[in-house]
Each structure stands twice: as structure tokens, then as C-alpha cells.
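In case you want the letters, here they are:
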Amino acid sequence: MMPGLLNGLLWLLHWIPFRLMSRLGGILGELLYRFAGERRQVGEINLKLCFPAMPDAERAALLRRHFRMMARAFLEYAYSWHANADELRRLVRVEGMEHLEALRDRPVILFAGHFTGLEICGLRLSVDVPMIDIFTHQKHDGLDELMRAKRGRFGGRLVARQEGIRPILRALKEGWRLYYLPDQDLGERESVFLPFFGVQAATITALSRLAQSTGAAVVPCFPYREENGYVMRIEAPLPDFPSDDPVADAARMNLELEGRILHAPEQYFWLHKRFKTRPPGEARFYD
């Protein structure tokens, strides 16, 4: 879809009340579950790897709920990109802001993960917090420009992954809060293999290294969808993080993330090929 058409559609959708949008997302999610066979297979593989003891029927029900959550999250980009600040405050409740206020004079990395509420909750937080985010260039230049404009409309900044680490280090030292999602497979070159729900996963160590080089506090910050909106939970900084061992820190990061996923497993990105990169000699999970 062309960026202009996408933006126009989302502008129209943002007038729809949250509960009606939720019902529409549920219907769209059911259709995607039935017809998006390739993505459904990825989700089935991921859930079987991460929850091997869960009965098949329970895993299937979880994946079905996840498709509904993903569809709702897509439609809710309408609010993320077009709702005003007061509307976002009504849709997203922020808990734990006192943890950020206590760190006013220190660099902060907001440690998040790929949950379905990451976009709307990130935009909501940027209303009150100077936020910087890392993104990957899109294939369409116009979509890049649209994302920069919409994610930065409350003063937030986007830095492309291809720009390297220096803009991030500089922003952290200037007082920007980094909204950081380190739970993706970026390939073997940038990763170490560590357990994620008991499965060896290509895991980056950048969270530890960024905190070490800037003296930043690492603050867990996770979004959860509720019946009438979202809650963004900001927690106390991780104690004794980072350590002198970035690999041990990355293993701890995975454990911390697992705990937040178990709070609402249907809201995590199970359709992403999290285990695409395998240790040498190990068979691939995905076709």
C-alpha cells in the first residue's frame, strides 16, 4: 500500500471508538488466522518450541488469540499516528513514571520487547518523555518519511539502524530516553547463542554494551493491552546491570523478557522468525 493511501486510511480509522476497533480487529485477525498460512506456520513453530509441554489445542487457541491481537495492533496505528496527546493519554495509562523521574539526571535505556502494543504505547510515552527509537529502513522511501513524521510528532526522534551507534550514544548523553527492543534475530555476526524459552536463539549483547558505555540505567518498560485501552508499565531499573560480562547480561535479558511475555503471551510477536539463525550444524526450523 502506498504511504499516502495508508496514512489516509489510518486517519479515517482513528475516528472509530476503541471498543468498535477492537471488534473489527478481532474479525480481521480471524480472517488472517485462516488465510495467512505461512505466518500461521511460523507462529505454530515458535509456540511449539517455546511451550513444548503445552497441549496442542491450547497452543492453537493461543495463536488464534495472537492473530486477533496483531490485527488490532495494526488497526490501532490509526490512534498512534493520528490521535492527539489527550486522546493518547486516555487510551494508554502509564504506570511507574516515578522511576523515570528519579533518573532525571542519568541516561536511561527503556528496555522493551516486541509486543503488539509497542507502537501506541511508545507514542503515548513520547508525549511526556524525550524519546529516541531505532528503526530499519523500509523498502519504500515514502514510508520511511511517514514513519519519521508520525513517530516524531510529539518530539521523538528516529535513528536508522544503518546510521550506527554514535547518534544513539550522543542522544543518551544529551538526556534522550532510548526506547530499545533488543529481542530480534539480527544474524550470527552480531549475536551470541543463548536460551530463549529453552531454545538457543541469536541474541545481541548491545543492551549491556550501551549501558556500560553511557552509564545508563536499564529500565524495563512493557506495554499490555486491556479491555478499554493499554497500560505502559515502567519498572524500577534492573539492579546490578550491566555487569562485566555482556554475554551473561544478554542471558539475563532473555530471562527478564520471558517473564514479561508470560504475563500476556498472546501479545508477543510470535509471527516473527525469532529462531531463524541457528548455531553451526543445527537444522533450520523454518522453510
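Residues numbered from 1 in each chain as written. Predicted model: local features only at pLDDT ≥ 70, side-chain atom pairs only at ≥ 80, totals over all residues. Heavy atoms only, no water.

**Observations concerning the overall build of the protein**
This is how the line gets drawn: Helix and strand definitions follow DSSP, with helices as H or I runs of at least four residues and strands as E runs of at least two, each counted in order from the N terminus. Working definition: with a 1.4 Å probe on protein chains only, accessible area under 20% of the residue-type maximum means buried, over 50% means exposed, and in between means partly exposed. Throughout, a residue-residue contact means that at least one pair of heavy atoms, one from each residue, lies within 4.5 Å. Areas reported here follow the Shrake-Rupley algorithm with a probe of radius 1.4 Å; residue values treat only the protein chains shown as occluding. For the charge count, each Lys or Arg is scored as positive and each Asp or Glu as negative, with His and the chain ends excluded. Where a charge lies is defined by one atom per residue type: Lys uses NZ, Arg uses CZ, Asp uses CG and Glu uses CD.
For the protein, the count of helices and strands is twelve helices and nine strands. With respect to the three principal axes, the spread of C-alpha positions in the protein is 50 × 50 × 35 Å. By residue count, 53% of the 287 residues in the protein fall in the buried class. Across the protein, contacts joining residues at least 24 apart in sequence account for 78% of those joining residues at least 6 apart. For the protein, the exposed area adds up to about 13700 Å²; of that, 55% sits on carbon and sulfur atoms. Side-chain charges of the protein comprise 39 positive and 36 negative groups, with the mean position of each set lying 4 Å from the other.

**A few points about the packing of helix α1 (residues 3–13) against helix α9 (residues 141–151)**
How we decide: To get an axis, a line is fitted to the C-alpha atoms, and for a helix only the part in contact is used. The angle between two axes follows their N-to-C directions and goes from 0 to 180 degrees.
As a packed pair, α1 and α9 sit with axes 9 Å apart at the nearest point and diverge in direction by 35°. Between α1 and α9, the residues in contact are Pro3, Leu6 and Asn7 and Gly142, Leu143, Leu146 and Lys150, respectively.

**A word on α1**
At 3.6 residues per turn, the α-helix brings residues three or four places apart onto the same side. For the record, the criterion: As used here, the arc is the angular range of directions from the helix axis to the C-beta atoms.
What α1 keeps buried is the set Pro3, Leu6, Asn7, Leu10 and Leu13. An end-on view of α1 places all buried positions within 120° of arc, on one side of the element. Away from its buried face, by an angle of more than 90 degrees, α1 presents the exposed residues Gly4, Leu5 and Leu12. Buried positions along α1 lie against α2 (18–35), α4 (56–75), α5 (77–82) and α9.

**Focus on the side chain of Thr214**
This is how the line gets drawn: In protein, a polar contact requires one atom able to donate a hydrogen and another able to accept it; more generally it is a pair of N or O atoms within 3.5 Å, and residues adjacent in sequence count only if both atoms are side-chain atoms.
With respect to the secondary-structure elements, Thr214 resides in helix α11 (residues 206–214). Engagement of the side chain of Thr214 in a polar contact is seen with the backbone oxygen of Leu210, the distance being 2.7 Å. Leaving out residues up to four positions away in the same chain, Thr214 has contacts with Pro107, Leu169, Leu172 and Lys173.

**A look at the environment of Asp133**
Note that Asp133 resides in strand β3 (residues 131–135). Of the residues examined, Asp133 reaches a relative accessible area of 16% and is grouped as buried. Expressed as a C-alpha distance, the spacing of Asp133 and Phe35, which sit 98 residues apart in the sequence, is 33 Å. Aside from chain neighbours lying at most four places away, what touches Asp133 is Arg151, Arg157, Leu158, Val159 and Tyr179.

**Here we look at the nonpolar core**
What tends to happen in soluble globular proteins is that the nonpolar side chains get buried as a cluster. Let me state the cut-off plainly: In this description, a nonpolar core means a group of buried Ala, Val, Leu, Ile, Met, Phe, Trp, Tyr and Cys residues linked to one another through side-chain atoms lying within 4.5 Å.
One finds Ile109, Leu178 and Tyr180 to be the most contacted residues of the largest nonpolar core, which totals 46 residues. Leu178 has contacts with Val108, Ile109, Leu110, Ile132, Ile134, Ile168, Leu172 and Leu210, leaving out every residue within four places of it along the chain. The next biggest cluster of nonpolar side chains, apart from the first, holds 42 residues, and it includes Leu10, Val92, Met97 and Met147.

**As for the packing of aromatic side chains**
Formally: We call Phe, Tyr and Trp rings a pair once their centres come within 6.5 Å, taking the six-membered ring for Trp, and we label the pair stacked below 30 degrees between planes, edge-to-face above 60, and tilted otherwise. Only when the NZ of Lys or the CZ of Arg is both within 6 Å of the ring centre and within 35 degrees of the ring normal is a charge said to sit over the ring.
For the structure shown, the criterion picks out 17 aromatic pairs. Both rings, one in Phe196 and one in Tyr268, keep their centres 6.2 Å apart while their planes meet at 50°; by these two values the pair is tilted. Of this pair, Phe196 sits in strand β6 (residues 192–196) while Tyr268 is found in the segment after α12 (246–263), placing the two residues 72 residues apart along the sequence. The pair Phe196 / Tyr268 is uniform in exposure class, with both members buried. Centroid distance Phe275 to Phe285: 6.4 Å. Interplanar angle 85°. Geometry classified as edge-to-face. Of this pair, Phe275 sits in the segment after α12 while Phe285 sits in the segment after α12, placing them ten residues apart in sequence. Using a relative accessible area of 1% as the deciding quantity, one classes Phe275 as buried. Through a chain of ring-to-ring contacts, the aromatic side chains of Phe51, Phe111, Phe115, Phe196, Phe197, Phe222, Tyr224, Tyr268, Trp270, Phe275 and Phe285 assemble into a single cluster. Over the ring of Tyr33 we find Arg40; its NZ or CZ atom is 5.7 Å from the centre of that ring.

**A look at the environment of Cys50**
Tracing the chain through its elements places Cys50 in helix α3 (residues 37–50). Given a relative accessible area of 6%, Cys50 falls into the buried group. Considering only alpha carbons, one finds Cys50 and Gly198, 148 residues apart in sequence, at a separation of 6.9 Å. Not counting the four nearest positions on each side in its chain, Cys50 is found in contact with Phe197, Trp270 and Phe275.

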